[in-house]
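Structure at a glance
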Amino acid sequence: MNGYQIAFTKRLKMIPPPDNGIVHLVSNRPVAEVVEHLLSLLHEKALTVFTVVDHSGEAASVGLAMRDTKLVLFGSPKAGTPLMIASPDSALDLPLKILIAEEPDGCTRISYNNTSYVQQRYGLSPELAAKIAAIDQIATVLAQY
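If you're wondering where the values come from, they're calculated on a predicted model, not measured in any experiment.

Let's shift gears to the pairing of strand 6 (residues 96-102). Pairing of strand 5 (residues 69-75) with strand 6, which is carried by six bridges, proceeds in the antiparallel orientation. When the sheet's bridge partners are listed, V72 is paired in strand 6 with I98. Two elements, strand 6 and strand 7 (residues 108-113), share four bridges in a ladder whose sense is antiparallel. Bridge pairing links A101 to R109 in strand 7. Where strand 6 folds back onto strand 7 in an antiparallel hairpin, the turn is made up of five residues, including G106, whose phi is positive at roughly 95°.

And the structure:
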C-alpha cells in the first residue's frame, strides 16, 4: 500500500489526504445519485438531515460555473449534544457534514472530517467520539455504492 491511493474495490479508492483531518473517498456514480443514496442511508439510520447545500446551484444562480457540489448536514441531537456540552466549540464541526463533489475526471469525491481528528481537535473522550463515528461507515458504504 502506498500513501497515494488505496483501492478497496475498482470503484472505491482513497484520495491522498493532506494532514488536515479530511477523509476523501471516490465513487464512479454521479453526484446526484450519491446524494440520493446518502439521504436514503441517513433515513434508514433515523438520522436527521438538517439541510442539503447546493453549492453549484447557488453559484449558477449568480452566473458562475462550478462542478456539481453538494454539502449534506446531518446528525442526531442525542449524539451531538453531549459533544457540544463537553466542548462547546465542537459545534463548529456539528452537525456532521459530507461533501459530495464532481471531480475534473468525472468521478465523485466524498469528503468528511475524520472522527479521530474531531476527537483530537476538541479533546473529546473516546466514548464521546464514538457517538459520531457512524460517519466513517456511512461514507464508506456510500463510496462502495
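So that's the structure; there's more coming.
Assignment of secondary structure puts S27 in strand 3 (residues 22-27). Given a relative accessible area of 1%, S27 falls into the buried group. A distance of 3.0 Å separates the side chain of S27 from the backbone nitrogen of R29, its partner in a polar contact.

Our focus in this paragraph is the pattern of salt bridges. Taken as a whole and judged by the stated rule, the model has five salt bridges. A salt bridge links K70 to D68, with the shortest nitrogen-to-oxygen separation between them at 2.3 Å. Of the charged contacts, one joins E103 and R109 as a salt bridge, the two residues approaching to 3.1 Å between their closest N and O atoms. Residue classification places R109 among the partly exposed positions, given a relative accessible area of 22%. Through salt bridges with shared partners, one network takes in D54, D68 and K70.

Now for the confidence of the model for the protein. Here the protein averages 89 in pLDDT, while 87% of its residues score no lower than 70. Scored below 50 in pLDDT, residues 1-12 makes 24 contacts in the model with residues more than four places away or belonging to other chains.

Turning to the packing of helix 1 (residues 31-44) against helix 6 (residues 134-144), a few remarks are in order. Here helix 1 crosses helix 6 at 140°, and the two axes come no closer than 10 Å. In terms of axis orientation, helix 1 runs oblique to helix 6. Of the two possible hands of crossing, helix 1 and helix 6 adopt the one that is right-handed. Contact residues: helix 1 offers V34, H37, L38, L41 and L42, while helix 6 offers I138, V141 and L142. Here the residues of the contact of helix 1 with helix 6 are counted per class, giving seven nonpolar, one polar and no charged.

This next bit is on the side chain of H24. Structurally, H24 is set in strand 3. Looking at H24, its side chain comes within polar contact range of the side chain of S111, at 2.7 Å.

Time to look at the packing of aromatic side chains. In the structure shown here, the tally under the stated rule is zero aromatic pairs. Above the ring of Y145, the side-chain terminus of R29 is found at 4.1 Å from the ring centroid.

Moving on, we get to helix 1. Its 14 residues give helix 1 an end-to-end C-alpha distance of 20 Å, which sits within 8% of 20 Å, the value for a rise of 1.5 Å per residue. Those residues of helix 1 that fall on the buried side of the exposure criterion are V31, V34, V35, H37, L38, L41 and L42. Mapping the buried residues of helix 1 onto a view down its axis gives an arc of 165°, with all of them on the same face. Structural note: helix 1 exposes E36, H43 and E44 on the side pointing more than 90 degrees away from its buried face. Buried positions along helix 1 lie against strand 3, strand 4 (48-54), strand 5, strand 6, strand 7 and helix 6. Positioned one or two residues after helix 1, A46 has a phi angle of 55°, which is positive.

Calculation rules
Residues numbered from 1 in each chain as written. Predicted model: local features only at pLDDT ≥ 70, side-chain atom pairs only at ≥ 80, totals over all residues. Heavy atoms only, no water. Pairing = 2+ DSSP bridges. Helix = DSSP H or I, 4+ residues; strand = E, 2+ residues; numbered from the N terminus. Buried < 20%, exposed > 50% of the residue type's maximum accessible area, 1.4 Å probe, protein only. Polar contact = N/O pair within 3.5 Å; in protein donor to acceptor, adjacent residues only side chain to side chain. Salt bridge = Lys/Arg side-chain N within 4 Å of Asp/Glu carboxyl O. pLDDT = per-residue confidence, 0-100. Contact = heavy atoms within 4.5 Å. Axes fitted to C-alpha atoms, helices over the stretch in contact; angles between N-to-C directions. Parallel < 35°, antiparallel > 145°, perpendicular 65-115°, else oblique. Left-handed = near helix turned anticlockwise from the far one by under 90°. Nonpolar A, V, L, I, M, F, W, Y, C, P; charged D, E, K, R; others polar. Phe/Tyr/Trp six-rings, centres within 6.5 Å; stacked < 30°, edge-to-face > 60°. Lys NZ or Arg CZ within 6 Å of the ring centre and 35° of its normal. Expected span 1.5 Å × (residues − 1). Arc of directions from axis to C-beta.

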